[in-house]
Every structure is written in C-alpha cells, then in structure tokens.
Amino acid sequence: MTAPKRVHLTRLMSIWRSAGWPCRDAIEVDLLAAGWAEVSSSPAGHECLRLTEAGIRLLAASRQRNQRALSTHDRLAEKMALQLLGLGRIVWRELSLLAEAGAVEEGAAKVWRSARPDVFSIRNTTVAAYLQPMVHEIKVSRADLLSDLRHAAKRASYQWLSCETCYVFPAGIAQPEEIPEAFGIWVLNGAVDGGQLELVRPARHTPCELPFAVWMALAKATPVRTDDEPAQGQF
C-alpha cells in the first residue's frame, strides 16, 4: 500500500489514543501489512495493537497537512471550541440542525431551515434543565459579519437552538454596539494562533429545551476532543 486512506488514519489515531484488543478486520490487515501498526503481547499473554515508528510518522505528517489546510475561520472556530472545552462543556462543530426560523408574518405558518452553527455546545450535566445549549458564530471579516446581521431568519434559528448565541470575531472588525444586544460578543486579540479570546459582552439568556430531533443529531455526531483527552477503548 503506497498511500493511506482516511479510514486508515482514523484507526491509527484510535490505536494511538488507546491501544487495545485487535479487531481482526480488513482495515487492521492493511495497517499490519503496511507496517504502520504491529501486534504485541501483554505480560499476561494477551494480544494488543500499537503503532510502529512508521505509523507515528504517518500520523504526524497527516496532522501537519491538516493544520496547513485550515483556514482562518476554521482555526478561530477550533480556538473557540477549545475555550469551551476548557470551561467543561461538550462541543460540536459543523452540525446541521433543523431549526425554527420564525414566521414570515404574524399568523403565518412557521418557517423551518437547516441551521449550521459554527460551534454548538452544552454543559456537561445529566440534568436536562441545566444543559444551557450555546451557539458561537465565527466571523473573520466585516463583510461576513454584516451579511449575517442582515439575515434575520438565520439569527432566529440559532436563538431557537440555544439559550445563548454569541458572535466571535477578531478585534477591529466591529464595535459591540453594532451587534444586537441579545447576542454575546467574543473578541480575538492578536493572531489566531497566539492571540487571546476575550468575552466582551455576555449573551442574553433565554430558557431553551432541545427538541428530540436535535438530540438525535447530537447522538450521531462526534464531539470535539483535545489531542490529550483519553479515549474509550474501541477494541
């Protein structure tokens, strides 16, 4: 095998995070044949998988390519997601959720749209009333921000999905008074990679209960994880 596929890199990362019992499937055969992983034995005689030096180099090269490919928007979204993880929240990116966007006019039927929040998060709790879902919209240009502010249905769908909705953008793109008071504001001071996120204004809190369809979407999606977060064994 000359080049790994995404499924091979995903499995290699799973093994790196938590070596475990072999799956003995076709993907594992590819990894072993290519020399990216190997079978080892525990002191008790049980077989488990671990990455070889070639497998580690392959993962490192893939990570470097991915980092170079990230846009400014993606890097700022990732930075905001890590900030929320540090606050103990469960975070998702690139979700597609069906949301109510309000009626076009009073008495008319409700309008539904597909909402794609840049960063969606909930508190890490088992009590539904304490979840406090939040949406953080990432804007890296003034034109993009102003376009979003003109799109009332889009803003309404984010507010329908969350207790609090915030805009996140680099310093200098807009002034706080340009953002409707209901929305929170996070400002990036400095470059994306080395700068600091600052909460300039908290969002207005409105109670929100997540509908079943949103729960199903969250159950099917994979939350954001840090590189050093321990993974549950998959083998």
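What counts, and at which threshold
- Residues numbered from 1 in each chain as written.
- Predicted model: local features only at pLDDT ≥ 70, side-chain atom pairs only at ≥ 80, totals over all residues.
- Heavy atoms only, no water.
- Axes fitted to C-alpha atoms, helices over the stretch in contact; angles between N-to-C directions.
- Helix = DSSP H or I, 4+ residues; strand = E, 2+ residues; numbered from the N terminus.
- Parallel < 35°, antiparallel > 145°, perpendicular 65-115°, else oblique.
- Contact = heavy atoms within 4.5 Å.
- Nonpolar A, V, L, I, M, F, W, Y, C, P; charged D, E, K, R; others polar.
- Pairing = 2+ DSSP bridges.
- pLDDT = per-residue confidence, 0-100.
- Buried < 20%, exposed > 50% of the residue type's maximum accessible area, 1.4 Å probe, protein only.

Trainee: What's the story with the packing of helix H1 (residues 6–17) against helix H2 (residues 26–34) in this structure? I'm lost.
Mentor: Helix-helix packing is described using two parameters, namely the angle between the two axes and the distance between the axes. Closest axis-to-axis distance for the H1/H2 pair is 10 Å, and the angle between their directions is 80 degrees. Taken as axis vectors, H1 and H2 run roughly perpendicular relative to one another. The segment H1 lies against H2, with Val7, His8, Arg11, Leu12 and Ile15 engaging Ile27, Glu28, Asp30 and Leu31. By residue class, the composition of the contact of H1 with H2 is five nonpolar, one polar and three charged.

Trainee: Any chance you could explain the sheet that holds strand S3 (residues 89–93) here in plain terms?
Mentor: Strand order in the open sheet formed by six strands is S3-S6-S7-S8-S9-S10, and the pairing between neighbours is mixed. The open sheet has two free edges, formed respectively by S3 and strand S10 (196–201), since each of these has just one partner strand. Averaged over neighbouring strand pairs, the angle between their axes works out to 25 degrees when direction is ignored. Direction of pairing for strand S8 (residues 164–170) relative to strand S9 (residues 184–189): parallel, over a ladder of five bridges. Each bridged residue has a counterpart across the sheet, and for Cys166 the counterpart in S9 is Gly184. Relative to the sheet, helix H5 (residues 142–150) contacts strand S7 (134–138) and S8, its axis offset from that of S8 by approximately 160 degrees.

Trainee: Explanation requested: the packing of H5 against helix H6 (residues 152–161) in the structure shown.
Mentor: Interhelical geometry of H5 versus H6 gives an angle of 80 degrees and a closest axis separation of 5 Å. On the basis of their axis angle, the class for H5 and H6 is roughly perpendicular. Seen from H5, the contacting residues are Asp148, Leu149 and Arg150; seen from H6, they are Ala152, Lys154 and Arg155.

Trainee: Looking at this structure, how should I read the confidence of the model for the protein?
Mentor: The predicted structure's coordinates, where accompanied by low pLDDT, should not be read in detail. Confidence in the prediction for the protein averages 87 pLDDT; 90% of positions are at 70 or higher. Contacts for the low-pLDDT stretch residues 230–235, under 50 throughout, to residues beyond four places or in other chains number 15 contacts.

Trainee: Where do I start with the environment of Leu76 in this structure?
Mentor: You can see Leu76 is positioned in helix H4 (residues 72–86). Judged by its relative accessible area of 0%, Leu76 falls in the buried class. The spatial distance from the C-alpha of Leu76 to the C-alpha of Val192 is 6.0 Å, given a sequence separation of 116 residues. In contact with Leu76, other than residues within four places in its own chain, are Ile138, Lys139, Val140, Val168, Phe169, Pro170, Leu188, Val192 and Leu197.

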